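So you can see what is in the structure, the chains are spelled out below.
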Amino acid sequence: MSNDKWIDALGTDELPSDDVVGISVEGRDIALYTVGDEVYATDNMCTHGQARLCDGFLEGHEIECPLHQGKFDVRNGQPTCDPVTVPLRSYPVRIEGSRVFLQLD
Ligand code: FES
């Protein structure tokens, strides 16, 4: 179920530059990615195993899992490289002033 609730997640000054960071938002483990001026959010836990994507390697719009090197497109959570086959959940991001808001479902 989706709703229109935007959650204040962190300050824009806490965003990494062309990198990934793991944050906790309302008890959920979320990965935030910056690619140029764009910011994307997905679940932080890989869908293939027990690895946090914030410990992985971001290249362009792809995050590489640190455990088996599976890859996802951070824009929509879709798998782009074996062995991952199940998409990550991805979440809308909005920047307002100096804050980053997420819409979790
Ligand atoms: Fe991420 Fe296996 S745990 S690719």
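My aim in this report is to walk through the structure given alongside it, one point at a time. The structure displayed is predicted, hence computed values, not measured ones. (Residues numbered from 1 in each chain as written. Predicted model: local features only at pLDDT ≥ 70, side-chain atom pairs only at ≥ 80, totals over all residues. Heavy atoms only, no water.)

**Overview of the packing of aromatic side chains**
- Throughout the structure, instances matching the rule amount to zero aromatic pairs.
- Just above the ring of Trp6 sits the side chain of Arg94; from NZ or CZ to the centre is 4.7 Å.
- Seen from the ring of Phe101, Arg94 lies directly overhead, with NZ or CZ sitting 5.6 Å from the centre. (Phe/Tyr/Trp six-rings, centres within 6.5 Å; stacked < 30°, edge-to-face > 60°. Lys NZ or Arg CZ within 6 Å of the ring centre and 35° of its normal.)

**Thoughts on the side chain of Asn44**
- Along the chain, Asn44 turns up in the loop between strand 4 (38–43) and strand 5 (57–59).
- Among the polar contacts listed, one links the side chain of Asn44 to the backbone nitrogen of Cys54, at a separation of 2.9 Å.
- With residues up to four places along the chain from it excluded, the contact list for Asn44 reads Gly22, Asp29, Ile30, Ala31, Ala51, Arg52, Leu53 and Cys54. (Helix = DSSP H or I, 4+ residues; strand = E, 2+ residues; numbered from the N terminus. Polar contact = N/O pair within 3.5 Å; in protein donor to acceptor, adjacent residues only side chain to side chain. Contact = heavy atoms within 4.5 Å.)

**What to know about the sheet that holds strand 9 (residues 90–91)**
- Spatially, the four strands line up as an open sheet ordered 2-3-4-9, and their pairing is antiparallel. Strands with a single pairing partner mark the edges of an open sheet, and in this sheet they are strand 2 (20–25) and strand 9. (Pairing = 2+ DSSP bridges.)

**Some thoughts on the pairing of strand 11 (residues 99–102)**
- Sheet topology note: the strand 1 (residues 7–11)/strand 11 ladder contains four bridges and is antiparallel. Each bridged residue has a counterpart across the sheet, and for Leu10 the counterpart in strand 11 is Val100.
- In this structure, strand 10 (residues 93–96) lies alongside strand 11, joined through four bridges in antiparallel fashion. Looking across to strand 11, one finds that Val93 is bridged to Leu102.
- Between the end of strand 10 and the start of strand 11, which pair antiparallel, lie two residues, with Gly97 showing a positive phi angle near 60 degrees.

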